[in-house]
Amino acid sequence: MATLASLNKTAIANYAKNNKAKDSPASGGSNVSYYDFSQISGNWDCTNFVSHALLAGGAIPYDTNGSGISSKGWYYRSLSNRSSSWSGVPNLHDFLVNNTTKGPAGSATTYSTFKYNPNSGYPYAIGDILQFYLSGSYNNWRHSTIITEYYETNTALVLGALVTGRSGKGSYNNNQKAEEVYPGDSKRVIKLSGYYK
């Protein structure tokens with residue numbers, strides 16, 4: 001039976017804040033090299049960046065020993081040998097919310113602002129993942145970020161998430177209000193519960 005261990009969500013958020021603007025971000029884990037997926041025509045780096053942030057928080061990869069681009073596990077060995085969950089927005093979501101074996105895990109909920117109550121705390125945490133849907137011609141989940149802070153909306157004690165992420169060289173979110181990313185489209189939080197050893 002897999003054991004669920006804690007992730008360091010502060011380290012996840014700090015990785016995002018410290019690496020978002022770098023031309024060549026640091027690896028989140030010493031045994032996994034960083035490859036910028038935005039170098040591939042028509043691709044972005046956001047979910048790969050989030051995967052490295054998870055490594056920085058202590059998550060361990062789940063390498064299923066597949067070949068090519070595998071639909072199982074969560075790992076990166078090389079551009080031609082990795083899991084689709086490492087860099088695909090919907091694929092990472094599906095892996096995290098269904099994982100009970102090895103690597104990071106969590107549960108998804110619809111994002112919304114919330115009225116802060118000191119007795120009930122926060123519905124999502126700094127270091128959790130926030131993903132964005134893009135309607136129109138794309139019509140799919142498009143962008144992954146890390147929640148790095150909260151902000152107070154125009155209504156007293158109603159808080160929202162600030163997100164940090166990286167799409168590619170010179171393209172990143174820096175503590176941006178979640179409502180400003182693809183305004184009007186759906187947003188979901190992946191609340192990280194830990195990682196399986």
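Since the model is a prediction, treat every value here as computed from it, not as a measurement. (Residues numbered from 1 in each chain as written. Predicted model: local features only at pLDDT ≥ 70, side-chain atom pairs only at ≥ 80, totals over all residues. Heavy atoms only, no water.)

**With respect to the pattern of salt bridges**
By the definition in use, this model includes four salt bridges. One salt bridge in this structure joins Arg-166 and Asp-36, with 3.3 Å as the shortest N-O distance. Residue Arg-166 is located in strand β9 (residues 158-168), and its partner Asp-36 is located in the loop between α1 (9-19) and α2 (46-56); the two are separated by 130 residues in the primary sequence. With a relative accessible area of 8%, Asp-36 lands in the buried category. Ionic pairing is found between Asp-45 and Arg-166, a salt bridge with its closest N-O pair at 2.6 Å. Here Asp-45 is found in the loop between α1 and α2, whereas its partner Arg-166 is found in strand β9, with 121 residues between them in sequence. (Salt bridge = Lys/Arg side-chain N within 4 Å of Asp/Glu carboxyl O. Helix = DSSP H or I, 4+ residues; strand = E, 2+ residues; numbered from the N terminus. Buried < 20%, exposed > 50% of the residue type's maximum accessible area, 1.4 Å probe, protein only.)

**Notes on α2**
Of all eleven residues in α2, ten are buried, a share of seventy percent or more. Buried within α2 are the following residues: Cys-46, Thr-47, Asn-48, Phe-49, Val-50, Ser-51, His-52, Ala-53, Leu-54 and Leu-55. Downstream of α2 by one or two residues, Gly-58 has phi in the positive range, about 110°.

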